[in-house]
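Breakdown of the fold
Given next are the chains, with one letter for each unit.
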Amino acid sequence: MAAAPPLTRSDSARGEFSPLKHFVVAKKKISDVFEHLLNYVKETSEFVEETCGNKALENIASQDQKLEIQSYAEKLAVIKEVLARRHMKVAFFGRTSNGKSTVVNAMLRDRVLPSGIGHTTNCFLSVEGTDEDKAYLKTEGSEEEKSIKTVNQLAHALHMDESLDAGCLVRVFWPKTKCALLRDDLVLVDSPGTDVTTQLDSWIDKFCLDADVFVLVANSESTLMNTEKHFFHKVNERLSKPNIFILNNRWDASANEPEYMEDVRKQHTDRCVDFLVEELKVVDRDQAPNRIFFVSAKEVLNSRMQRAQGMPETGGALAEGFHERLKEFQNFERRFEECISQSAVKTKFEQHTIRAKLITEKVKSIMDAINIEAAEKRVAALEDREYQMDRLEFVKNQLNLLINDIKKKIKAISEDVESKVSCAMGEEICRLHVIVDEFRADFHPSPHVLKIYKTELLSHVEEGMGKNLAFRCSDAINASVQSSQGYMIESMLPLLPSAVQSQVSMLVPNRKFDLSYDLNCATLCSDFQENIEFRFSLGWTTLVHRFLGSVNAQRALTLVDQNFQTSRPALPLASTPSSGPPSTISQPNNNETALMTQEDLMVAMATNVASLTSRTSMGVVIVGGVVYRAVGWRLIALSASMYGLLYLYERLTWTTKAKERSLKRQFVDYATEKLQLIVSFTSANCSHQVQQEMATTFARLCQQVDQTQKELEAEIRQLTVKIDQLETVQSQSKSLRHKATELERQLEAFTNQYLQPQQ
């Protein structure tokens, strides 16, 4: 066994420096390290659980890692509780009445355990310190604290409990204030004699596996017995090189034969060395003498109790050589304390320290894995965000360019449509008579039939012109619109994500664009008034209209009618079948009459004369006489006959068909004039329809692009949040890794200070 570090004093009972403090300090230090380690593992467990539960950070930390760290936390919590209960344990074995209990009492400097002649210890007794002021005991299987004040009470309690046998354990709790040795987490276990039972295996399993030191208390008046050797052989089979001390008790008996003392001592020493080295092989031959001592526990106990009472240590009847035996016992205590403190630290803390190092290394590797994964994800997220930002900028710029380009294209197409429709409508107006002539319906001059006839004629004209305009323009316009829509889609496709590109065709209706030519003839020609009364072609009114035109003829007839009313106010107005309703135009004043042209005046005078002669028989006679004298009556008769025949012919041919033709001619003239007025309006309306259709398509595409922009912006925001979270994960994992490194340093320092062999 390696040499213990140099010690200044060894009497722990006097409160001086004790090697047992080595275990106490090591226990406190390793407990603090495990406290920090447990808090650290709990912190990492919360971190991994939070990271694992964050859906945005999937695959950064796995469920297996979370469960692994949680299992480490549970193991450390158990180890921490075990460390808190750890103590140094020394077990005393030997044959009955060899003085095992007396040795324990001598070490405790008080009569704690019952001792004396005969079989006094009938079960296992453990003595450990308590912070309370009173002593008590607990029996196996019970938590009841049985108070004891004296050794006699303890002995009485042990013998009165019939349930106790040799394999039971009674725990004796002795106040630490009364025994300094118990202040340093030391537990002393006294046992029944090894010769009182054959159940040695159960003793070893129950009481020896966690013992740090075994003390064989032998009787120096006899040699080592096979029962003692047999027990320690079994211990050696179950434990790897146990620490065994041999006390040859009752050495004070050698004072009666001083001449044989050295020979007997050498004989006992050689046999004990052979037993430890050759049979058990727990120490080498050089170290074996340091494990063998010759003492008198009873002398030491009496001496120390006298000293505690203020009496001299050597008071009373003591055999010769007491001081040497006392020094030998003190030497045993020192060696025992050095051995048990070093051994207990190693046996109690080494495996836990190794386990702590492994757990720290595992947790640190998990933190490294999380840090690496977070770093890789962060780099990928940064690249993805940069790509999305570039794409968003491209989409915005390209969309602005396309908007200007598409606006120009829509404008050009709209103007082209307006021009085409205007030209086509002008041509259709010129051939309006063809559409009217194609109309067939029942005709009758009665007002009711005429109203129905005109309504159907208007519908026919609107339908016919609509079909003709559609035939002339719709196909070309539809092809142009579809071509423009295709151009829009092709231009917008690069701005849309691939998943949406395949669905773009759904945004544009797959139908032929129908241009509406809404002429609204019913409203446009609603005030059309036909005139299908018979009108002789050589009649006065007809001739005036023919030679002067419609406007001038109307003015002239109106003027003549006014002048006649002025010169003959008493005469009533005459009406002819061909004349319209009475005029309601007021009489012009003198200034207006003076401003009339000479031509208008001549026409008015001639008209007045004609009107006058046609209205009175006297005029007829006068004119007839003048003509008669000028040309002769035959020519007059011939002319009158021909005039009459012509009138008769025209009158007879003025049938319903003729009236229908006349109405159609009048309607063509009227409708032509009205339709000319709406050419620009209709062409503009068609242009607006095309513009609206293309603008709607483009708006849908722009709306989809806007949605794409919003999705890109949302994805950029999500990536930014994810990058921030990944940076936080990296920072926390690095911090936790540094903490693991610091804990490894503390564990390594503990190992070097307490677990490595001291030089």
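Note that the structure is a prediction, hence the values are computed from the model and not measured. (Residues numbered from 1 in each chain as written. Predicted model: local features only at pLDDT ≥ 70, side-chain atom pairs only at ≥ 80, totals over all residues. Heavy atoms only, no water.)

What to know about the overall build of the protein chain
- Regarding its fold elements, the protein chain presents 20 helices and 9 strands.
- The contacts of the protein chain with a sequence gap of at least 6 include a subset with a gap of at least 24, amounting to 82%.
- Accessible area of the protein chain: about 41,500 Å², with a carbon and sulfur share of 53%. (Helix = DSSP H or I, 4+ residues; strand = E, 2+ residues; numbered from the N terminus. Contact = heavy atoms within 4.5 Å. Areas by Shrake-Rupley, 256 points an atom, 1.4 Å probe, with all protein chains shown as cover.)

What to know about a positive patch on the surface
- Side chains of Arg-440, Lys-657, Arg-661 and Arg-665 sit close together on the surface and give a patch of like positive charge.
- With respect to the secondary-structure elements, Arg-440 resides in the loop between α10 (432-437) and α11 (447-492). (Patch = residues over 30% accessible without salt bridge, like charges linked within 9 Å, V, L, I, M, F, W, Y side chains within 5 Å. Salt bridge = Lys/Arg side-chain N within 4 Å of Asp/Glu carboxyl O. Lys, Arg positive; Asp, Glu negative; His and termini not counted. Charge placed at Lys NZ, Arg CZ, Asp CG, Glu CD.)

Focus: the nonpolar core
- One finds Val-41 and Met-367 to be the most contacted residues of the largest nonpolar core, which totals 86 residues.
- Among the elements that take part in this core, helix α9 (residues 322-430) stands out by supplying 18 residues, more than any other.
- Those residues within four positions of Met-367 in sequence are excluded, and the remaining contacts are Tyr-40, Thr-44, Phe-47, Val-48, Ile-69, Ser-733, Leu-736 and Arg-737. (Core = buried A, V, L, I, M, F, W, Y, C linked by side-chain atoms within 4.5 Å. Buried < 20%, exposed > 50% of the residue type's maximum accessible area, 1.4 Å probe, protein only.)

Quick word on unusual backbone geometry
- In this model, Arg-109 sits at a positive phi of 65 degrees, which is unusual for a non-glycine residue.
- In this structure, Arg-109 sits in the loop between α3 (100-108) and β2 (124-130).

Notes on the pattern of salt bridges
- In total, this model carries 37 salt bridges according to the counting rule given.
- With a closest N to O distance of 2.9 Å, Asp-210 and Lys-89 form a salt bridge. Placement of the pair is Asp-210 in the loop between α5 (200-208) and β7 (213-219) and Lys-89 in strand β1 (residues 88-93), with a sequence separation of 121 residues.
- Judged by its relative accessible area of 9%, Lys-89 falls in the buried class.

What about the state of the cysteines?
- Under the criterion given, the structure shown has 0 disulfides.
- Note on Cys-123: no disulfide assigned, nearest cysteine sulfur contributed by Cys-168 at a separation of 6.9 Å. (Disulfide = S-S within 2.5 Å.)

Topic: the pairing of strand β6 (residues 186-190)
- Taking burial as the measure, the 5 residues of β6 include 5 buried ones, the bulk of the element.
- Along β6, one buried face is formed by Leu-186, Leu-188 and Asp-190 and the opposite face, lined by Val-187 and Val-189, is buried too.
- Judged from the 5 bridges that link them, β1 and β6 form a sheet pairing that is parallel. Of the residues in β6, the one forming a bridge with Ala-91 is Val-189.
- Both β2 and β6 contribute to a ladder of 3 bridges, which runs antiparallel. (Pairing = 2+ DSSP bridges.)

Some details on the environment of Pro-494
- Relative to the elements of secondary structure, Pro-494 occurs in the loop between α11 and α12 (498-501).
- Relative accessible area serves as the criterion here: at 44%, Pro-494 is assigned to the partly exposed category.
- Along the sequence, Pro-494 and Phe-394 sit 100 residues apart, while their C-alpha atoms lie 9.9 Å from each other.
- Those residues in contact with Pro-494 that lie beyond four places of it in its chain are Arg-391, Phe-394 and Gln-501.

Section: the sheet that holds β7
- Taken in spatial order, the 9 strands line up as β4-β3-β5-β2-β6-β1-β7-β8-β9 in an open sheet, and their pairing is mixed. Each edge of the sheet is formed by a strand with only one pairing partner; in this case those strands are β4 (146-148) and β9 (292-294). When strand polarity is set aside, the average angle formed by the axes of neighbouring strands in this sheet is 25 degrees. (Axes fitted to C-alpha atoms, helices over the stretch in contact; angles between N-to-C directions.)

Concerning the packing of aromatic side chains
- Across all of its chains, the model carries 21 aromatic pairs by this definition.
- For the pair Phe-231 and Phe-232, a centre-to-centre distance of 5.3 Å together with 90 degrees between the ring planes defines the contact as edge-to-face. Accessibility assignment for this pair places Phe-231 and Phe-232 in one class, buried.
- Ring pairs connect the aromatic residues Phe-93, Phe-124, Phe-207, Phe-214, Phe-231 and Phe-232, which therefore count as one cluster.
- Looking at Lys-178, its charged tip hangs above the ring of Trp-174, at a distance of 5.7 Å from the centre.
- Above the face of the Phe-245 ring, Arg-291 is positioned so that its terminal group lies 5.1 Å from the ring centre. (Phe/Tyr/Trp six-rings, centres within 6.5 Å; stacked < 30°, edge-to-face > 60°. Lys NZ or Arg CZ within 6 Å of the ring centre and 35° of its normal.)

Overview of the side chain of Asn-371
- In this fold, Asn-371 is placed in helix α9.
- The exposure class assigned to Asn-371 is buried, which follows from its relative accessible area of 17%.
- Contact partners of Asn-371, with chain neighbours within four places excluded, come to Gln-730, Ser-733 and Lys-734.

Some points on the confidence of the model for the protein chain
- In the predicted model, the protein chain carries a mean pLDDT of 81, and the fraction of residues at 70 or more is 80%.
- Within the protein chain, no element has a lower average pLDDT than helix α15 (residues 590-594), which sits at 41, and none a higher one than β9, at 95.
- Note that pLDDT drops below 50 for residues 1-15; the model gives that stretch 28 contacts with residues more than four away or on any other chain. (pLDDT = per-residue confidence, 0-100.)

Let's talk about helix α7 (residues 261-280)
- Over its 20 residues, α7 runs 27 Å from end to end, which matches the ideal 28 Å to within 8%, given 1.5 Å per residue.
- The largest bend in α7 is about 25 degrees, located at Asp-274.
- Those residues of α7 that sit buried are His-268, Thr-269, Cys-272, Val-273, Phe-275, Leu-276, Val-277 and Leu-280.
- On its buried face, α7 is in contact with β7, α6 (226-238), β8 (243-249) and β9. (Expected span 1.5 Å × (residues − 1). Bend = angle between axes of the 7 residues up to and from the residue.)

Points about the packing of α9 against helix α20 (residues 679-755)
- Two numbers describe how α9 lies on α20: the axes approach to 5 Å, and their chain directions differ by 170 degrees. Between α9 and α20, the angle falls in the class roughly antiparallel.
- Taken together, the residues of the contact of α9 with α20 sort by class into 44 nonpolar, 17 polar and 22 charged. (Parallel < 35°, antiparallel > 145°, perpendicular 65-115°, else oblique. Nonpolar A, V, L, I, M, F, W, Y, C, P; charged D, E, K, R; others polar.)

Concerning the environment of Lys-467
- Checked against the element boundaries, Lys-467 lands in helix α11.
- In this structure, the C-alpha to C-alpha distance between Lys-467 and Tyr-517, residues 50 residues apart in sequence, is 8.9 Å.

Some points on the pairing of strand β5 (residues 169-175)
- Of all 7 residues in β5, 5 are buried, a share of seventy percent or more.
- By the bridge criterion, 7 bridges tie β2 to β5 in an arrangement that is parallel. By the bridge assignment for β5, Leu-125 is matched with Val-170.
- Taken together, the 4 bridges between strand β3 (residues 135-139) and β5 define a ladder with antiparallel strand orientation.

Brief notes about the packing of α11 against helix α19 (residues 656-677)
- Where α11 contacts α19, the two axes come as close as 12 Å, and the packing angle between them is 50 degrees. Relative to α19, the element α11 is oriented oblique. Regarding α11 and α19, the two cross each other, and that crossing is right-handed. Here α11 contributes Leu-450, Tyr-453, Leu-457, Leu-458, Val-461 and Met-465 to the contact with α19, which in turn contributes Glu-660, Leu-663, Lys-664, Phe-667 and Leu-675. (Left-handed = near helix turned anticlockwise from the far one by under 90°.)

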